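Residue-level structure breakdown
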Amino acid sequence: MGDELVEPLREAPVRAVEAVDGSVVVRLAGELDLYNAEEVRAALSQAVESSPRRVVVDMADVEFVDSTALGVLIEARSKLGRDGIALAAPQLDTRRTLQVSGLDRQLRVHDTVEEALAS
(Lines give C-alpha, C1' and ligand atoms only; values in the text may rest on other atoms or scores of the structure.)
Protein backbone atom coordinates (compact mmCIF):
# COMPACT_ATOMS: atom_id res chain seq x y z
CA MET A 1 0.00 0.00 0.00
CA GLY A 2 2.85 2.40 0.74
CA ASP A 3 4.49 1.70 -2.64
CA GLU A 4 1.82 3.46 -4.73
CA LEU A 5 3.02 6.24 -6.96
CA VAL A 6 1.19 9.44 -6.23
CA GLU A 7 1.07 12.08 -8.93
CA PRO A 8 2.01 15.40 -7.32
CA LEU A 9 -0.54 18.15 -7.73
CA ARG A 10 0.43 20.42 -10.58
CA GLU A 11 0.56 24.12 -9.98
CA ALA A 12 -2.06 26.13 -11.88
CA PRO A 13 -0.28 27.81 -14.80
CA VAL A 14 -2.08 31.15 -14.46
CA ARG A 15 -1.27 32.76 -11.14
CA ALA A 16 -2.91 36.16 -11.78
CA VAL A 17 -4.15 38.56 -14.45
CA GLU A 18 -3.82 42.23 -13.55
CA ALA A 19 -4.58 45.51 -15.30
CA VAL A 20 -1.67 47.95 -14.94
CA ASP A 21 -1.79 51.43 -16.52
CA GLY A 22 -3.58 50.38 -19.71
CA SER A 23 -1.66 47.12 -20.03
CA VAL A 24 -2.44 43.63 -18.75
CA VAL A 25 0.07 41.52 -16.83
CA VAL A 26 -0.51 37.76 -17.03
CA ARG A 27 1.52 36.02 -14.32
CA LEU A 28 2.37 32.41 -15.17
CA ALA A 29 3.99 29.74 -13.02
CA GLY A 30 5.18 26.14 -12.93
CA GLU A 31 5.36 23.98 -16.03
CA LEU A 32 3.69 25.26 -19.20
CA ASP A 33 2.96 22.34 -21.48
CA LEU A 34 0.39 20.37 -23.45
CA TYR A 35 -1.59 19.59 -20.29
CA ASN A 36 -2.32 23.20 -19.34
CA ALA A 37 -1.85 25.12 -22.59
CA GLU A 38 -5.61 25.72 -22.83
CA GLU A 39 -5.62 27.53 -19.48
CA VAL A 40 -2.77 29.76 -20.65
CA ARG A 41 -4.50 30.32 -24.01
CA ALA A 42 -7.75 31.30 -22.27
CA ALA A 43 -5.98 33.78 -19.97
CA LEU A 44 -4.13 35.40 -22.88
CA SER A 45 -7.30 35.54 -25.00
CA GLN A 46 -9.16 37.20 -22.15
CA ALA A 47 -6.33 39.72 -21.77
CA VAL A 48 -6.42 40.49 -25.51
CA GLU A 49 -10.20 41.09 -25.41
CA SER A 50 -9.73 44.09 -23.12
CA SER A 51 -7.74 45.86 -25.92
CA PRO A 52 -4.74 46.67 -23.74
CA ARG A 53 -1.80 48.80 -24.81
CA ARG A 54 0.33 45.72 -24.20
CA VAL A 55 0.10 42.26 -22.66
CA VAL A 56 3.09 41.44 -20.45
CA VAL A 57 3.59 37.75 -19.69
CA ASP A 58 5.40 37.46 -16.36
CA MET A 59 7.46 34.26 -16.56
CA ALA A 60 9.51 34.68 -13.38
CA ASP A 61 7.93 31.60 -11.77
CA VAL A 62 7.83 29.44 -14.91
CA GLU A 63 10.08 26.39 -14.59
CA PHE A 64 9.50 24.71 -17.96
CA VAL A 65 7.99 25.58 -21.33
CA ASP A 66 7.25 23.07 -24.08
CA SER A 67 6.51 23.63 -27.77
CA THR A 68 2.74 23.69 -27.19
CA ALA A 69 3.06 26.55 -24.71
CA LEU A 70 5.43 28.39 -27.05
CA GLY A 71 2.77 28.04 -29.74
CA VAL A 72 0.23 29.67 -27.42
CA LEU A 73 2.58 32.66 -27.01
CA ILE A 74 2.95 32.93 -30.79
CA GLU A 75 -0.86 32.85 -31.17
CA ALA A 76 -1.12 35.77 -28.76
CA ARG A 77 1.57 37.64 -30.70
CA SER A 78 -0.36 37.13 -33.95
CA LYS A 79 -3.40 38.80 -32.33
CA LEU A 80 -1.45 41.65 -30.74
CA GLY A 81 1.51 42.25 -33.04
CA ARG A 82 5.16 42.30 -32.01
CA ASP A 83 4.83 45.43 -29.86
CA GLY A 84 1.58 44.27 -28.28
CA ILE A 85 3.06 41.42 -26.24
CA ALA A 86 6.19 41.15 -24.14
CA LEU A 87 7.70 38.40 -22.02
CA ALA A 88 9.19 39.36 -18.67
CA ALA A 89 11.70 37.79 -16.31
CA PRO A 90 12.14 34.31 -17.83
CA GLN A 91 14.39 32.01 -15.82
CA LEU A 92 17.60 30.76 -17.42
CA ASP A 93 16.11 27.51 -18.79
CA THR A 94 13.07 29.30 -20.23
CA ARG A 95 15.28 31.99 -21.76
CA ARG A 96 17.44 29.26 -23.33
CA THR A 97 14.31 27.60 -24.78
CA LEU A 98 13.26 30.94 -26.28
CA GLN A 99 16.73 31.37 -27.80
CA VAL A 100 16.96 27.84 -29.22
CA SER A 101 13.48 28.11 -30.74
CA GLY A 102 14.19 31.57 -32.16
CA LEU A 103 11.24 33.06 -30.32
CA ASP A 104 13.46 35.57 -28.55
CA ARG A 105 13.62 37.27 -31.98
CA GLN A 106 9.84 37.04 -32.46
CA LEU A 107 8.78 38.23 -29.00
CA ARG A 108 10.18 41.06 -26.92
CA VAL A 109 11.91 39.65 -23.83
CA HIS A 110 12.62 41.88 -20.81
CA ASP A 111 14.41 41.25 -17.52
CA THR A 112 11.53 42.60 -15.38
CA VAL A 113 7.80 43.24 -15.61
CA GLU A 114 8.44 46.92 -14.91
CA GLU A 115 10.87 47.14 -17.84
CA ALA A 116 8.33 45.42 -20.13
CA LEU A 117 5.58 47.83 -19.08
CA ALA A 118 7.80 50.85 -19.62
CA SER A 119 9.05 49.94 -23.10
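Structure first, text after, so check above.
Regarding the overall build of the chain
When you go through the chain residue by residue, the secondary structure sums to 4 helices and 5 strands. Scanning the chain from its N terminus toward the C terminus, one meets helices and strands in the order β-β-α-β-α-β-α-β-α. Scaling as 2.2 N^0.38, a compact globule of 119 residues should have a C-alpha radius of gyration of about 14 Å, and the chain matches this with 15 Å. Principal-axis analysis of the C-alpha atoms places the extent of the chain at approximately 55 × 30 × 25 Å. Put simply, the chain has 119 residues, and 40% of those count as buried.

Overview of the packing of helix 1 (residues 37-49) against helix 2 (residues 67-80)
Two elements in contact, helix 1 and helix 2, have axes separated by 9 Å at closest approach and are oriented at 15°. In terms of axis orientation, helix 1 runs roughly parallel to helix 2. As helix 1 packs across helix 2, the resulting crossing turns out to be right-handed. The segment helix 1 lies against helix 2, with Ala-37, Val-40, Arg-41, Leu-44, Ser-45 and Val-48 engaging Thr-68, Val-72, Leu-73, Glu-75, Ala-76, Lys-79 and Leu-80. Broken down by class, the residue content of the contact of helix 1 with helix 2 amounts to 8 nonpolar, 2 polar and 3 charged.

Digging into the pairing of strand 3 (residues 55-65)
When strand 2 (residues 23-32) meets strand 3, the two strands line up parallel, connected through 8 bridges. Following the sheet pairing, Glu-31 is matched in strand 3 by Phe-64. Taken together, strand 2, helix 1 and strand 3 constitute a β-α-β crossover, and its handedness is right-handed. By the bridge criterion, 4 bridges tie strand 3 to strand 4 (residues 85-88) in an arrangement that is parallel. Bridge pairing links Val-56 to Ala-86 in strand 4. With helix 2 bridging strand 3 and the parallel strand 4, this β-α-β connection has right-handed handedness.

Description of the sheet that holds strand 1 (residues 14-20)
Pairing within the open sheet is mixed, and its 5 strands lie in the order 1-2-3-4-5. In the strand order of this sheet, the two ends are held by strand 1 and strand 5 (108-110), each with one partner. Neighbour-to-neighbour, the strand axes of this sheet turn through a mean angle of 25°, independent of strand direction. Helix-sheet contacts for helix 1 involve strand 1, strand 2 and strand 3, and the interaxial angle to strand 2 is about 175°.

Focus: unusual backbone geometry
In the Ramachandran plot, Asp-21 falls in the positive-phi region, its phi being about 50° despite a non-glycine side chain. When you line up the elements, Asp-21 lands in the loop between strand 1 and strand 2. Accessibility expressed as a relative area gives 74% for Asp-21, which makes it exposed. Here Ala-89, not a glycine, exhibits a phi torsion of approximately 55°, which is positive. Mapping Ala-89 onto the fold places it in the loop between strand 4 and helix 3 (92-101). Among the residues examined, Ala-89 registers a relative accessible area of 19% and is labelled buried.

Definitions and limits used
- Residue positions within a chain follow its written sequence, with the count starting from 1.
- Predicted model: local features are reported for residues with pLDDT of at least 70 only, side-chain atom pairs are reported and counted for 80 or more only, and whole-chain, interface and lining totals are derived from all residues.
- Hydrogen atoms and water are omitted, and side-chain values are computed over all heavy atoms in the structure.
- Think of it this way: any DSSP run of H or I at least four residues long counts as a helix, any run of E at least two long counts as a strand, and we number them from the N terminus.
- A radius of gyration in this sense is built from C-alpha atoms; the matching globule rule multiplies 2.2 Å by the number of residues raised to 0.38.
- Exposed residues in this analysis have more than 50% of their type's maximum accessible area, buried residues have under 20%, and partly exposed residues fall in between, with area computed by a 1.4 Å probe over protein chains only.
- Note on geometry: axes are lines fitted to C-alpha atoms, helical ones only across the stretch in contact, with angles between N-to-C directions running from 0 to 180 degrees.
- Each angle gets one of four labels, with under 35 degrees taken as roughly parallel, over 145 as roughly antiparallel, 65 to 115 as roughly perpendicular, and the rest as oblique.
- Each crossing gets its hand from how the near helix is turned against the far one by less than a right angle, where anticlockwise is left-handed and clockwise is right-handed.
- Whether two residues are in contact is decided by their heavy atoms: any pair within 4.5 Å suffices.
- For this classification, the nonpolar set comprises Ala, Val, Leu, Ile, Met, Phe, Trp, Tyr, Cys and Pro, the charged set comprises Asp, Glu, Lys and Arg, and every other residue, Gly included, is treated as polar.
- At least two bridges found by DSSP between two strands is the condition for calling them paired.
- When the strands point away from the viewer, a crossover counts as right-handed if the path from the first strand over the helix to the second runs clockwise.

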